[in-house]
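Here is what each chain is made of, one letter per residue.
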Amino acid sequence: MSTDQSYYVPDQSKWPIVGSVGMFLMLGGLAAVMVNSAESDPTTTAWVVFTLGTLTMIYMITGWLRDVINESHAGLYDAQMDRSFRQGMGWFIFSEVAFFMALFGALFYVRFFAVPWLGGEGAKGSANMLWEGFEAQWPLINMPDPSQFRTPEYVFGPWGLALVNTALLVTSSITLTFSHHALKKDHRKPAILWLAATIALAVIFLGCQAYEYYEAYAHLNLTLESGIFGSMFFLMTGFHGIHVILGTIILAVLLGRLLKGHFTGEKHFGYEAGAWYWHFVDVVWIALFVVVYVL
Amino acid sequence: MSAVTDTHAADHHDAHGPAKGFTRWLFTTNHKDIGAMYLIFSFAMFLLGGAMAMVIRAELFQPGMQMVEPAFFNQMTTMHGLIMVFGAVMPAFVGLANYMIPLMIGAPDMALPRMNNWSFWLLPAAFLLLVSTLFMEGGAPNFGWTFYAPLSTEYGPPSTTYFIFAVHIMGISSIMGAINVIATIINLRAPGMTLMKMPLFVWTWLITAFLLIAVMPVLAGVVTMMLMDIHFGTSFFNAAGGGDPVLFQHLFWFFGHPEVYIMILPAFGIVSAIIPAFSRKRLFGYTSMVYATGAIAVLSFFVWAHHMFVVGLPLQAELFFMYATMIIAVPTGVKIFNWISTMFRGSLSFETPMLFAVAFVILFTVGGLSGVMLAIAPADFQYHDTYFVVAHFHYVLVPGAIFGIFAAVYYWLPKWTGHMYNEMLGKTHFWMSFIGMNLAFFPMHFVGLAGMPRRYADYPLQFANFNMISSIGAFMFGVTQLLLLYIVIKTIRGGKKAPAKPWDGAEGLEWDLPSPLPYHTFAKPPTVQ
């Protein structure tokens with residue numbers, strides 16, 4: 001709690017209202033796309049609205065961040081402001097953790113309660129009431145009602161591509177730490193190189209993930225429509241993948257800023273926030289690897 | 001660097017008043033502007049949700065179908081719940097937090113002022129999306145505010161997708177608002193404002209904000225799974241593919257139960273400010289209040305399945321959730337006793353904020369006790385999904401959350417506007433609300449115990465008398481709220497000048513500031529002794 005400085009309260013800003021309009025158009029448009037295609041109605045207008053909204057969001061995010069970077073460079077932010085940003089980013093990541101915890105909780109429930117009960121286990125076992133002869137197993141490659149949901153041939157083991165992916169992400173966390181340590185000592189060149197290496201690893205990871213999805217759809221019949229295993233698998237790895245894409249974009253922006261000469265060894269919270277986010281994405285993957293692939 | 005910051009910030013804060021024109025409200029970064037917008041928005045939603053309640057009560061005035069189609073009735077119950085929870089109660093508390101927390105802790109503004117404005121302006125976007133479903137083909141969501149699968153996934157109207165995205169936007173808004181509250185409280189307290197000196201409203205909001213950040217993402221997760229079940233062929237909530245509709249209920253109530261406390265903890269904080277002020281005594285048991293709030297918050301994560309006693313839980317789960325739920329009565333009881341002890345031998349006076357606060361203590365206890373009855377699993381088998389449940393949660397939400405908000409508005413209105421409200425009108429508003437709400441909701445206990453199920457557009461003859469009383473009470477309560485609108489507008493426009501501290505027993509930094517408040521306050525942090 002500083003006594004000798006005044007907290008910087010920014011002037012009026014148009015970005016929040018631009019962001020609200022953008023969010024409304026983007027998600028409203030997306031909803032319209034989904035509803036109209038489900039009812040085989042034309043979706044052109046909906047796509048236009050969605051695109052307009054997305055572009056507005058991009059405009060808002062870039063403009064807003066540009067303002068923040070300029071204010072930071074103008075020396076308007078003191079140590080207290082820095083702590084507010086840290087609180088903001090920290091609690092944002094906490095909310096992301098809560099989101100993934102919900103997905104992990106759902107997987108736990110499905111695997112240890114819902115599917116065994118469908119198979120007739122326990123006092124509440126419902127197999128004979130619903131689908132006679134259904135046997136519970138995990139991963140679920142037999143459907144209670146095969147007429148409604150496709151049955152996957154088999155599912156991925158952990159010791160193939162998933163292990164490679166794990167190695168990629170763990171390595172990327174290490175290279176990012178090397179970059180961060182170099183930046184702290186104001187060694188800009190190694191900082192840039194290690195950060196570039198991190199981004200390369202991230203892109204390779206995304207490539208491997210895309211290949212795995214292709215394999216699942218093309219050869220394994222493991223799709224969103226193939227019952228609860230496919231649903232959980234794509235939900236969890238998919239949301240993680242979206243976060244990797246977002247994290248990669250963040251790292252790329254940080255690389256651009258490093259190249260432009262932003263950040264000092266002492267003051268680089270933007271960089272640190274990106275690094276926190278990347279490590280979070282990495283930790284989620286390790287948890288995913290253990291509970292989705294290995295166990 | 002600090003010199004630059006100082007001069008810049010100084011002329012920045014002292015020289016500038018509010019910007020001219022309507023762009024002030026669109027672009028603002030001022031916590032008072034944003035707080036006011038939250039409060040105005042929540043009141044508009046309160047009237048809209050209330051109008052839907054009037055439709056419900058009009059239809060239930062007599063047995064048989066008179067006013068609306070059953071399908072529309074279902075849309076009304078659903079939208080009434082969603083609008084009141086997400087549009088009226090939550091934004092009202094966020095508005096109060098925005099307005100009051102910086103004043104209470106001696107901060108110049110919220111920690112992240114631009115994000116603060118975004119949190120607010122996402123709400124009109126979300127509710128535009130939600131309310132527009134009323135005009136869509138197939139109508140608005142009609143599956144109850146709890147939107148249980150498969151009612152919402154397989155049997156819901158097409159507008160369900162819009163509803164899902166509206167919930168997403170509300171969630172983003174809530175999470176950003178909560179992050180702002182936490183960052184402000186942790187980082188922007190004035191020198192000397194230690195954690196255990198903070199007003200309880202600040203404490204309860206700190207804990208509420210933590211709950212919001214922990215559970216709003218779970219809501220986002222569950223509506224995303226719904227979306228995928230509807231559009232992408234997944235089987236999260238479909239047993240034919242190995243999923244489970246009960247999974248929906250687990251996820252929803254893991255969000256939903258902490259949500260219940262999100263809607264009441266800030267009211268606890270408000271009442272803990274008002275009762276000492278009008279008892280002219282310090283709050284009894286401040287420390288125990290803080291710990292009790294924390295205990296309620298922690299326990300709220302372990303009780304969710306008490307909403308699901310009849311869904312077919314294993315016996316061990318029924319027992320666990322029953323006992324865990326009952327334990328919550330202990331910290332809540334601590335609070336009730338502390339408020340009563342604060343009033344004990346105080347020099348009480350009963351201005352409007354105090355009337356609402358005392359009614360809060362008494363009537364919230366009624367709702368709390370029916371909550372303990374519902375927590376008893378074997379008894380709940382009888383009460384589940386009857387009007388007894390409706391009576392219970394309206395007793396904790398109306399004289400709980402909403403009376404808390406009313407009390408706060410009357411308590412701080414002189415500070416906000418610089419004018420005293422008309423005490424006579426305020427008391428009229430209180431007594432009409434008090435009588436109307438008890439008439440509306442108390443008979444629901446009886447029809448519920450007698451077996452009248454909730455969310456039906458019609459009922460058998462034997463429930464006719466009680467339902468008519470409920471409807472009369474509801475109309476009375478509803479019309480009375482227009483009086484509040486009148487009182488607030490009248491107070492904004494004029495009235496007796498309010499001194500800086502209109503309540504002689506009130507404590508807190510906000511009363512050191514002039515009434516009405518200057519546009520910027522505490523540009524230099526005060527020192528707290």
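Because the structure is predicted, anything quoted here is derived from the model rather than measured.

Description of the overall build of chain B
Thinking step 1. When helices and strands are tallied, chain B shows 17 helices and zero strands.
Thinking step 2. The C-alpha radius of gyration computed for chain B amounts to 23 Å, which stays within 12% of the reference 24 Å derived for 529 residues, consistent with globular compactness.
Thinking step 3. When the backbone C-alpha atoms are referred to their principal axes, chain B occupies close to 70 × 50 × 45 Å.
Thinking step 4. Taking all 529 residues of chain B together, the buried fraction comes to 65%.
Thinking step 5. Nonlocal contacts in chain B, meaning residues at least 24 apart in sequence, comprise 83% of its contacts between residues at least 6 apart.
Thinking step 6. For chain B, the exposed area adds up to about 17900 Å²; of that, 71% sits on carbon and sulfur atoms.

A look at the overall build of chain A
Thinking step 1. Helix and strand counts for chain A stand at eight helices and zero strands.
Thinking step 2. Put simply, chain A runs from its N terminus to its C terminus through helices and strands in the order α-α-α-α-α-α-α-α.
Thinking step 3. Sorting the 295 residues of chain A into buried and exposed places 53% on the buried side.
Thinking step 4. Residue pairs at least 24 apart in sequence account for 72% of intrachain contacts in chain A once pairs closer than 6 positions are excluded.
Thinking step 5. When the accessible surface of chain A is split by element, carbon and sulfur atoms take 68% of a total near 13400 Å².
Thinking step 6. Measuring between centres, the 14 positive side-chain charges of chain A sit 13 Å from its 21 negative side-chain charges.

Examining the confidence of the model for chain A
Caution applies to low-pLDDT regions: their predicted coordinates should not be interpreted in detail.
Thinking step 1. Looking at chain A, the pLDDT average stands at 92 and 97% of residues meet or exceed 70.
Thinking step 2. Mean pLDDT across the elements of chain A bottoms out in helix 4 (residues 127-130) of chain A (70) and peaks in helix 1 (residues 15-38) of chain A (97).

A short note on the interface of chain A and chain B
Thinking step 1. Facing 76 residues of chain A, the contacting portion of chain B comprises 82 residues.
Thinking step 2. Carbon and sulfur atoms supply 71% of the area that chain A and chain B bury against each other, a total of about 6700 Å² over both sides.
Thinking step 3. Looking at the side of chain A facing chain B, the largest losses of area belong to S6, V9 and Q12 of chain A, adding up to 9% of the total buried there.
Thinking step 4. On inspection of chain A and its partner chain B, the count reaches one salt bridge.
Thinking step 5. Between chain A and chain B we count 17 residue pairs in polar contact (both at pLDDT 80 or more) in total.
Thinking step 6. At the level of elements, helix 1, helix 2 (44-73), helix 3 (79-118) and helix 7 (227-259) of chain A are the ones that each hand at least two residues to the side of chain A that touches chain B.
Thinking step 7. Looking at the side of chain A that touches chain B element by element, the count peaks at 21 residues for helix 3 of chain A.
Thinking step 8. A per-class count over the side of chain A that touches chain B returns 47 nonpolar, 18 polar and eleven charged.

A word on helix 4 (residues 70-105) of chain B
Residues and elements named next belong to chain B.
Thinking step 1. Over its 36 residues, helix 4 extends 50 Å from the first C-alpha to the last, a length consistent with the 52 Å expected when each residue adds 1.5 Å.
Thinking step 2. The sharpest bend along helix 4 measures roughly 35 degrees and falls at M84.
Thinking step 3. Most of helix 4 is tucked away, with 32 of its 36 residues classed as buried.
Thinking step 4. Phi turns positive one or two residues past the end of helix 4, at G106, with a value near 75 degrees.

Here's the deal with a nonpolar patch on the surface
All names here are of chain A.
Thinking step 1. A cluster of nonpolar side chains, namely W159, L163, V170, I174, F178, W194, I286, V290, V294 and L295, defines an oily patch on the protein surface of about 890 Å² accessible area.
Thinking step 2. Tallying contributions element by element places helix 5 (residues 161-184) first for the nonpolar patch, with four residues.
Thinking step 3. Mapped onto the elements, L295 comes out in the segment after helix 8 (269-294).
Thinking step 4. Since its relative accessible area comes to 55%, L295 is described here as exposed.

A look at the pattern of salt bridges
Thinking step 1. If you walk through the whole model with that rule in mind, you get seven salt bridges over all chains.
Thinking step 2. Taking the shortest distance from any N to any O, the salt bridge between R114 of chain B and E71 of chain A comes out at 2.7 Å. Remark: E71 of chain A occurs in helix 2 and R114 of chain B occurs in helix 5 (residues 113-132); the pair is interchain, linking two chains.
Thinking step 3. For E71 of chain A, a relative accessible area of 10% corresponds to the buried category.
Thinking step 4. D504 of chain B serves as the salt-bridge partner of R280 of chain B, at 3.0 Å between the closest nitrogen and oxygen. One end of the pair, R280 of chain B, is in the loop between helix 9 (265-279) and helix 10 (286-299); the other, D504 of chain B, is in the segment after helix 17 (464-493), and 224 residues separate them in sequence.
Thinking step 5. Taking relative accessible area as the criterion, R280 of chain B reaches 30% and is therefore assigned partly exposed.

What to know about the domain arrangement of chain A
Residues and elements named next belong to chain A.
Thinking step 1. When its domains are assigned, chain A resolves into domain 1 (10-76) and domain 2 (79-294).
Thinking step 2. Summarising the inter-unit geometry, the C-alpha centres of domain 1 and domain 2 are found 25 Å apart.
Thinking step 3. Buried surface at the junction of domain 1 and domain 2, both sides included, amounts to about 310 Å², of which 64% is carbon and sulfur.
Thinking step 4. There are zero salt bridges connecting domain 1 and domain 2.
Thinking step 5. Between domain 1 and domain 2 we count zero residue pairs in polar contact (both at pLDDT 80 or more) in total.
Thinking step 6. Of the residues that constitute the side of domain 1 that touches domain 2, the class distribution is two nonpolar, two polar and no charged.

What about the nonpolar core?
Thinking step 1. Among the nonpolar cores identified, the biggest contains 291 residues, and F86, F127, W205, L219, W339, W412 and W416 of chain B are the most heavily contacted of them.
Thinking step 2. With 23 residues, the top contributor of residues to this core is helix 7 (residues 200-231) of chain B.
Thinking step 3. Residue assignment places this core across two domains, with domain 1 (10-76) and domain 2 (79-294) of chain A each supplying three or more.
Thinking step 4. When near neighbours in sequence (up to four residues on either side) are disregarded, W339 of chain B contacts F268, V271, S272, I275, L283, M289, F360 and V361 of chain B.

So, the packing of aromatic side chains
Residues and elements named next belong to chain B.
Thinking step 1. Inspection of the entire model under this criterion finds 85 aromatic pairs over all chains.
Thinking step 2. Pairing F236 with F237 gives two aromatic rings, centres 6.4 Å apart and planes at 55 degrees, and the pair type is tilted. Across the pair, exposure class does not vary: F236 and F237 are buried alike.
Thinking step 3. Considering the side-chain rings of F356 and F430, the 5.0 Å spacing of their centres and the 90 degrees angle between planes classify their relative orientation as edge-to-face. In this pair, F356 is assigned in helix 13 (residues 352-375) and F430 in helix 16 (residues 423-449), connecting sequence segments 74 residues apart.

Considerations on the side chain of S433 of chain B
Thinking step 1. With respect to the helices, strands and loops of the structure, S433 of chain B is situated in helix 16.
Thinking step 2. For S433 of chain B, a relative accessible area of 0% puts it in the buried group.

Brief notes about the environment of S173 of chain A
Residue and element names in this part refer to chain A.
Thinking step 1. Note on placement: S173 falls in helix 5.
Thinking step 2. It is 9.8 Å that separates the C-alpha atoms of S173 and A202, two residues lying 29 residues apart in sequence.
Thinking step 3. Apart from the residues within four sequence positions on either side, S173 is in contact with W278, H279 and D282.

Parameters at a glance
- Residues numbered from 1 in each chain as written.
- Chains lettered and ligands numbered in written order.
- Predicted model: local features only at pLDDT ≥ 70, side-chain atom pairs only at ≥ 80, totals over all residues.
- Heavy atoms only, no water.
- Helix = DSSP H or I, 4+ residues; strand = E, 2+ residues; numbered from the N terminus.
- Rg over C-alpha atoms; globule rule 2.2 N^0.38 Å.
- Buried < 20%, exposed > 50% of the residue type's maximum accessible area, 1.4 Å probe, protein only.
- Contact = heavy atoms within 4.5 Å.
- Areas by Shrake-Rupley, 256 points an atom, 1.4 Å probe, with all protein chains shown as cover.
- Lys, Arg positive; Asp, Glu negative; His and termini not counted.
- Charge placed at Lys NZ, Arg CZ, Asp CG, Glu CD.
- pLDDT = per-residue confidence, 0-100.
- Buried area = accessible area lost by both parts, 1.4 Å probe.
- Salt bridge = Lys/Arg side-chain N within 4 Å of Asp/Glu carboxyl O.
- Polar contact = N/O pair within 3.5 Å; in protein donor to acceptor, adjacent residues only side chain to side chain.
- Nonpolar A, V, L, I, M, F, W, Y, C, P; charged D, E, K, R; others polar.
- Expected span 1.5 Å × (residues − 1).
- Bend = angle between axes of the 7 residues up to and from the residue.
- Patch = residues over 30% accessible without salt bridge, like charges linked within 9 Å, V, L, I, M, F, W, Y side chains within 5 Å.
- Domains from an automatic or database assignment.
- Core = buried A, V, L, I, M, F, W, Y, C linked by side-chain atoms within 4.5 Å.
- Phe/Tyr/Trp six-rings, centres within 6.5 Å; stacked < 30°, edge-to-face > 60°.

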